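Residue strings, one per chain:
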Amino acid sequence: MPLTGEYEPSSQEWVREQVARYEASGGTEATTLLDTGMPVVIVTNRGARSGKIRKTPLMQVEHDGIHAIVASQGGAPTHPYWYANVVAEPLVELQDGPRKEDRIAREVHGAERDLWWERAVEAYPPYADYQKATERVIPVLVLEPPAG
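In this text, all values refer to a predicted model and were calculated from it rather than measured experimentally.

Novice: Teacher, can you tell me more about the packing of aromatic side chains here?
Specialist: Describing an aromatic ring pair means giving the distance of the ring centres and the angle of the ring planes. Tallied over the full model, the rule gives 4 aromatic pairs. With a centroid separation of 5.9 Å and an interplanar angle of 40 degrees, the aromatic rings of tryptophan 117 and tyrosine 127 are classed as tilted. Of this pair, tryptophan 117 sits in helix H3 (residues 110-123) while tyrosine 127 sits in helix H4 (residues 126-132); the two residues are 10 residues apart in sequence, bridging distant segments of the chain. As far as the burial class goes, tryptophan 117 and tyrosine 127 line up, both buried. Ring centres 5.0 Å apart and planes at 75 degrees place the aromatic pair tyrosine 124 and tyrosine 127 in the edge-to-face group. Overall, tyrosine 124 belongs to the buried group, its relative accessible area being 10%. Of the aromatic side chains, those joined through ring pairs into one cluster are Trp117, Tyr124, Tyr127 and Tyr130. Between lysine 55 and the ring centre of tyrosine 7, over which it is positioned, the NZ or CZ distance is 4.8 Å. Positioned over the ring face of tryptophan 116 is arginine 119, at 4.6 Å from the centre of the ring.

Cut-offs applied
Residues numbered from 1 in each chain as written. Predicted model: local features only at pLDDT ≥ 70, side-chain atom pairs only at ≥ 80, totals over all residues. Heavy atoms only, no water. Phe/Tyr/Trp six-rings, centres within 6.5 Å; stacked < 30°, edge-to-face > 60°. Helix = DSSP H or I, 4+ residues; strand = E, 2+ residues; numbered from the N terminus. Buried < 20%, exposed > 50% of the residue type's maximum accessible area, 1.4 Å probe, protein only. Lys NZ or Arg CZ within 6 Å of the ring centre and 35° of its normal.

The following block contains the structure:
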C-alpha cells in the first residue's frame, strides 16, 4: 500500500535535488551521497504532524535483502526529523535504485542493534565517528516487508 498525499520537499536544497534526480532517473542517477561513491536509498514517509509525504536520501545499509536506516544526523545531539516521523508512522517506501517496496520500520535494540550497527559502520565508516561525537545512542531501524 504505497504512501499517498501531498509531497513536501525538504527545506535543504541538496536533499531536494538529490531526491528529484534519483526519482526522475528511475533510481539510476544520484544514487550516491553527494557524489562520494557511497550508495544511498530514498526513504519516503509521512510527516507525523503535517501528514505530508517526506523523502530522504539515507545511506544504503543492506543485509540479505533487508535494509536498515540510521538516525545519525552526522553525530548531532538530536535525532533527525525523519526519525520521529518514522517512529510515529512506521510504514515507509524504500527505493533502492529502480526497485521500490513498502516496508515497516522497526527500531532495534540490544544485540540486534549491535549487529545492525556493525553492518552500518561497514557500509558507511563515518557512522563510528558520528557515535563518538554525540552522547545519544544513534537509533537503528530495520525496514522489513509488511506481513501478509
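On we go.
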